[in-house]
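Structural features, examined
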Amino acid sequence: MEDCRMSVITVENLRYRYPHAKELALDGLDFSVEKGEFIGIIGENGAGKSTLSQALMGLVPQFYKGAYGGTVMVDGIEAGRTPVAQLCGHVGLVFQNPFNQLSGAKDNVYEEVAFGMQNLGVPAEEMKNRVEEALKLLDIWQYRDRNPFDLSGGQMQRVAIASVLVMRPDVMILDEPTSQLDPEGSDEVFKAVETLTGSGITILMIEQKIEKLAAYCDRILLLHKGKQIAFDTPQKVFSMPDLNNYGIQAPAFTRICKAEGVTLADGTYPVTVEEAAGVLREKRLGAPACADGKERAQRAAGAELAQAGGPSELAVSSDEQFCIKNLDFSYLADVSVLKKLNMKLDKCPTAIIGQNGAGKTTLVKLLKGLLKPVSGSIYFHGEDISGKTVAMLAGNVGYVFQNPDDQIFKYNVMDEILFGPLNIGMDAERAKKEAERALKLTGLTGKEKENPYDLELYERKMTAIASVLAMDTDVLILDEPTIAQDWKGRQIIGDIIRSLSERGKLVIAILHDMDFVAENFERVIIMAHGQVLADGTAKEVFAQEEALKKARLQKPYVMQLCEALGYEKSYLTVEELLKDQVS
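Residues numbered from 1 in each chain as written. Predicted model: local features only at pLDDT ≥ 70, side-chain atom pairs only at ≥ 80, totals over all residues. Heavy atoms only, no water.

A closer look at the overall build of the chain
What counts is decided by this rule: Secondary structure elements follow DSSP: runs of H or I of four or more residues count as helices, runs of E of two or more count as strands, with numbering from the N terminus. Atoms counted for the radius of gyration: C-alpha only. Globule rule: 2.2 Å times the number of residues to the power 0.38. Burial classes: relative accessible area under 20% of the type maximum marks a residue as buried, over 50% as exposed, and values in between as partly exposed (1.4 Å probe, protein chains only). Here, two residues are considered to be in contact whenever any of their heavy atoms come within 4.5 Å of each other. The charge count includes Lys and Arg as positive and Asp and Glu as negative, but it does not include His or the ends of the chains. Note on charges: their place is set at NZ of Lys, CZ of Arg, CG of Asp or CD of Glu.
Counting its secondary structure elements, the chain contains 23 helices and 20 strands. Taken over the C-alpha trace, the chain has a radius of gyration of 24 Å; the compact-globule value for 583 residues is 25 Å, and the two agree within 12%. Projected onto its principal axes, the C-alpha coordinates of the chain cover approximately 70 × 60 × 55 Å. Classification of the 583 residues of the chain by burial places 56% in the buried group. Long-range pairs, those at least 24 residues apart, make up 67% of the contacts in the chain between residues at least 6 apart in sequence. Looking at charge distribution, the chain has the averaged site of its 64 positive side-chain charges lying 3 Å from that of its 83 negative ones.

Here it is in structure tokens:
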């Protein structure tokens, strides 16, 4: 039967160049999207994804100006010629950075989420129902009376999503909406979006979480240097042999099945855990999997954990950097954030993971001296730092903020990077050498004279990292370093972590990307509600079902596949699994 669904978006020969730019940001895009579809937009940073989202909203060319050609029709309206205020009733856009989304006009979450509806004249009772529904759906109802700017980055991202969700547009465009959310929070957003498409709302989502897009999207639009490379099902796009050439790494399940030489019936490779488990079972067992496969894998992981001596037995070496004793902290007198926290940190690369609002950022700000304990002590190199200022610790402890715009302030990249080393007393010659090394490590060589404020979010994040790397501190704290980073960017950050570790530096990172954690960190700490739930190696910690559940976390994708297949041994990465299979 012929599909007669109506195209709600039609893009024809779309071309666009920003003012003063030489290259086209969008170069001849042609595609249509049907009502109720869920479309994933992928491509390396700089591919044109965010520019396309702004063209669908009419911001390109109306706000950004520049050279524009072609046609963009949204819900029967020509986006390039229709006032943005009029388009807002049809198209909702969630920005990449939640700090740019929130109006600042309201001082609590409830009113911030209702603000857009007030401007559209939505009836009061309807407004009330929509706000309550959205806040509960995104698990931020309990923060309705809080100031949005007092929340964690992940909680702010949920507020930004809710503020667009309540507008009930015909088309929703989400630019990396889950980049700062914990894994369960990401799932909730994807499930909410899937529900919206079922009600007829059309969704376009830009995301770096490839496995999530593969599991939920109807089709994938692949862009590269402003050009449209592919627009097809996830299975067909992620089976492309030259995908890496476009800066995209296929889902973990797809890479494993390619290496194993197993495909789906149509010749494409699996893109989800269910698809991969199905074809791998057929290859290895010749029959459907045992129903107790997951239970057997969990028992095996538990046995490995017991042999390792349990999650709390990770040996802390004599290279102790921090010692935290009975640490309490609260922002409000009656709301505790950290409770009787005890922890030792040596030079082992350490990832701190947990739900949004678990106290992770608060903890590292205390380590940096940005906050002071309510009670308890923090020792650095055996010395109590409670009386030390941020300036006194600056030469020893480096901290990269979650939002780079809270950190950068100079008008060219090189000045930004030199500021830190020069201010801690480093001589000019060494500061220049350290700055050049930091530029190279972060992939920013050639951007020295650029204004950081003219750079994309991923480049500003790298600039912030470089500015702290150049200070050559004993400790580097990274708060959500993979935000806005594509596959190449994540590889760069992984290389930085390994490089610093080899030089005897301690790297502490707050992360929500479990696969990145599994690939790059020797020690993993799970936090929830201001307390440590688990502490050990990645394999030990990810075997703890109860701790993961309490902290709203999920296992790395390869570990999920091992469970689905009922493997007796657990694996954390694609490389680890394939190496063992070959041997």
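Re helix H5 (residues 124–137)
Using the following cut-off: Between the first and last residue of a helix there are one fewer steps than residues, each counted as 1.5 Å, and that sum is the expected span. By construction, the arc corresponds to the directions joining the helix axis to the C-beta atoms.
Between its terminal C-alpha atoms H5 stretches 20 Å, which fits the 20 Å expected from 14 residues at 1.5 Å a residue. Among the residues of H5, those classed as buried are Met127, Arg130, Val131, Ala134 and Leu135. What you see down the axis of H5 is that its buried residues fit within an arc of 120°, all on one side. Among the exposed residues of H5, those oriented more than 90 degrees off its buried face are Glu125 and Glu133.

Quick look at the packing of helix H10 (residues 252–260) against helix H22 (residues 557–565)
For the record, the criterion: Axis lines are fitted through C-alpha atoms, for helices just across the contact stretch, and the angle between N-to-C directions can take any value from 0 to 180 degrees. An angle counts as roughly parallel when it lies under 35 degrees, as roughly antiparallel when it exceeds 145, as roughly perpendicular when it falls between 65 and 115, and as oblique in every other case. Residues were grouped as follows: Ala, Val, Leu, Ile, Met, Phe, Trp, Tyr, Cys and Pro as nonpolar; Asp, Glu, Lys and Arg as charged; and all remaining residues, including Gly, as polar.
The geometry of H10 relative to H22 is characterised by a closest axis approach of 9 Å and an angle of 60° between their N-to-C directions. Judged by the inter-axis angle, H10 sits oblique to H22. Taken together, the residues of H22 that come into contact with H10 (itself represented by Ala252, Phe253 and Ile256) are Tyr557, Val558 and Leu561. In the contact of H10 with H22, the residues fall into six nonpolar, no polar and no charged.

Remarks on the environment of Leu553
Topologically, Leu553 is positioned in the loop between helix H21 (545–550) and H22. Judged by its relative accessible area of 5%, Leu553 is buried. For the pair Leu553 and Glu184, spaced 369 residues apart in sequence, the C-alpha separation works out to 6.0 Å. Those residues in contact with Leu553 that lie beyond four places of it in its chain are Pro183, Glu184, Ile353, Gly354, Met514, Ile526 and Leu548.

Observations concerning the packing of aromatic side chains
The criterion, for reference: Stacked, tilted and edge-to-face pairs are distinguished by plane angle, under 30 degrees for stacked and over 60 for edge-to-face with tilted covering the rest, among Phe, Tyr and Trp rings (Trp via its six-membered ring) whose centres lie within 6.5 Å.
Applying the stated rule across the entire model yields 15 aromatic pairs. With a centroid separation of 6.2 Å and 35° between ring planes, the pair formed by Phe38 and Phe190 is classed as tilted. Of this pair, Phe38 sits in strand S3 (residues 38–42) while Phe190 sits in helix H7 (residues 183–198), and the two are 152 residues apart along the sequence. Classification of Phe190 by relative accessible area gives buried; the value is 0%. One aromatic cluster is present, built from ring pairs that chain together Tyr16, Tyr18, Phe63 and Tyr64.

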